[in-house]
Amino acid sequence: MEGPRESPNAQVVLRYGICSIAVGAKDVLTAFQKEIEDKNLNNVRIRTTGCIGLCSMEPLVDVHVEGLPNVTYHHVTPEMARGIVFHHIQNRTIINEWVIPNV
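Residues numbered from 1 in each chain as written. Predicted model: local features only at pLDDT ≥ 70, side-chain atom pairs only at ≥ 80, totals over all residues. Heavy atoms only, no water.

Observations regarding helix H2 (residues 25-38)
In an α-helix, one turn spans 3.6 residues, which is why side chains three or four residues apart end up on the same side.
Then step 1. For H2, which comprises 14 residues, the first-to-last C-alpha distance of 20 Å matches the rise-based estimate of 20 Å (1.5 Å per residue) to within 8%.
Then step 2. Within H2 the residues assigned to the buried category are Ala 25, Val 28, Leu 29, Ala 31, Phe 32, Glu 35 and Ile 36. In a view along the axis of H2, the buried residues occupy a sector of 160 degrees, so they form one face of it. Exposed residues on H2 whose side chains face more than 90 degrees from its buried face are Lys 26, Asp 27, Lys 34 and Glu 37.
Then step 3. Contacts from the buried residues of H2 go to strand E1 (10-15), helix H1 (18-22), strand E2 (44-49), strand E3 (61-65) and helix H3 (78-90).
Then step 4. Once H2 ends, the next one or two residues include Asn 40, with phi positive near 55 degrees. (Helix = DSSP H or I, 4+ residues; strand = E, 2+ residues; numbered from the N terminus. Expected span 1.5 Å × (residues − 1). Buried < 20%, exposed > 50% of the residue type's maximum accessible area, 1.4 Å probe, protein only. Arc of directions from axis to C-beta. Contact = heavy atoms within 4.5 Å.)

See below:
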């Protein structure tokens, strides 16, 4: 039987201002928390921070995975949050279609 899958040291930073909350950031946060807990990814930290002025692209999520470039995902949904955990954090594959370039 396989044990929990190890993840690299990673941090997920959800922009959690009023504009982000209004378009679903609470559900995105819950999805990240549940996915990370369900997969027993103890090396992944989640934090929230304020707005950076890109309200039309909220919810925004910065993902920092050791050894990979830092990226910001935009218009993140709970389904995308699960995909980010699986593809980006666990399998170290950035989902380029969801990334804001140069942020």
